[in-house]
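The lines below spell out each chain.
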Amino acid sequence: MTGAKPGDALLEATVQRLFERGVQIEEIAALTHFLQSDYIDNLTKEECVESVYHVLAKREVQHAVLTGIELDVLAEQGKLSHPLQGIIERDESLYGVDEILALSILNVYGTISYTNYGYIDKVKHGILQRLNDKSSGEVHAFLDDLVAAIAAAASSRIAHRRGEKER
Ligand code: MG
């Protein structure tokens, strides 16, 4: 698996779980590229993929992704208890725990990631549009925020690293 250190079972499980839910690393990297390409000269897709993998290598991030996806899947299968089942299934707008979980990813990377997250969450670029399509019958109450946060964190990481290089 690209980017995964051999033996890093939790990273592999996280990437696999994202894939099972229809999200490929390249699609998250495309969001990162969208967020940062206006600010960074010659930003490549490969650099964005690498940065996404760095974000996914963090334990906090893996735990957030695995937890959120698990709740989405259980809601999709109708296996949660009332009233949480209905709240997550309908992705109720007043339910904010999905965003809180996403913040645990952004916390690792600081303020640039917060603004990037807010922006990408609003414009629903790329894969985020599909994840927000409620007509599919799939539940992605958590996944859309997690994917946006990973992309924003990867984007913030690139900004910091390139900033260091240019100084
Ligand atoms: Mg959500």
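Read on for a plain summary of the structure.

What counts as what
Each chain has its residues counted from 1, running along the sequence as written. Two thresholds apply to this predicted model, a pLDDT of at least 70 for residue-level local features and 80 or more for giving and counting side-chain atom pairs, whereas whole-chain, interface and lining totals are computed over all residues. Excluding hydrogens and water, the side-chain figures rest on all heavy atoms present in the structure. The donor definition counts N, O and S atoms within 2.8 Å of each metal and applies 3.2 Å to Na, K and Ca; water is not among these atoms, so some sites may look incomplete. Numbering of helices and strands runs from the N terminus; a helix is a DSSP stretch of H or I covering at least four residues, while a strand is a stretch of E covering at least two. Think of it in three bands: residues with accessible area under 20% of the maximum for their type are buried, residues over 50% are exposed, and the middle band is partly exposed, with areas taken using a 1.4 Å probe on protein chains only. Here a pair means two rings of Phe, Tyr or Trp (six-membered ring of Trp) with centres within 6.5 Å. Their orientation is stacked below 30 degrees between planes, edge-to-face above 60, and tilted elsewhere.

**Examining the coordination of the magnesium ion**
Step number 1: Only Asp98 (OD), Ala141 (O), Asp144 (OD) and Asp145 (OD) from the protein reach the magnesium ion as donors, at distances of 2.1 to 2.7 Å.
Step number 2: In terms of primary sequence, the donors binding the magnesium ion are separated according to D-x42-A-x2-D-D. Of the two residues, Asp98 sits in helix α6 (residues 97-106) while Asp144 sits in helix α9 (residues 143-166), which places them 46 residues apart along the sequence. For the residue pair Asp98 and Asp144, the accessibility class agrees, reading buried in each case.

**Let's talk about the packing of aromatic side chains**
The description of an aromatic ring pair uses the distance of the two centres, along with the angle that the planes make with each other.
Step number 1: Under the counting rule described, the total for this entry stands at two aromatic pairs.
Step number 2: The interplanar angle of 10° and the centroid separation of 6.2 Å between the aromatic rings of Phe34 and Tyr119 together place this pair among those described as stacked. On the criterion of sequence distance, the pair formed by Phe34 in helix α2 (residues 25-36) and Tyr119 in helix α7 (residues 111-123) is long-range, its members being 85 residues apart.
Step number 3: For Phe34, a relative accessible area of 30% translates into the label partly exposed.
Step number 4: When the ring of Tyr95 is compared with that of Phe142, the centres are 6.1 Å apart and the planes differ by 80°; the resulting orientation is edge-to-face. Placement of Tyr95 in the loop between α5 (84-89) and α6 and of Phe142 in the loop between α8 (127-131) and α9 is noted, with a sequence separation of 47 residues between them.
Step number 5: Residue classification places Tyr95 among the buried residues on the basis of a relative accessible area of 15%.
Step number 6: Assessed through its relative accessible area of 1%, Phe142 is described here as buried.

Geometric descriptors of this kind do not, in isolation, establish any biological role.
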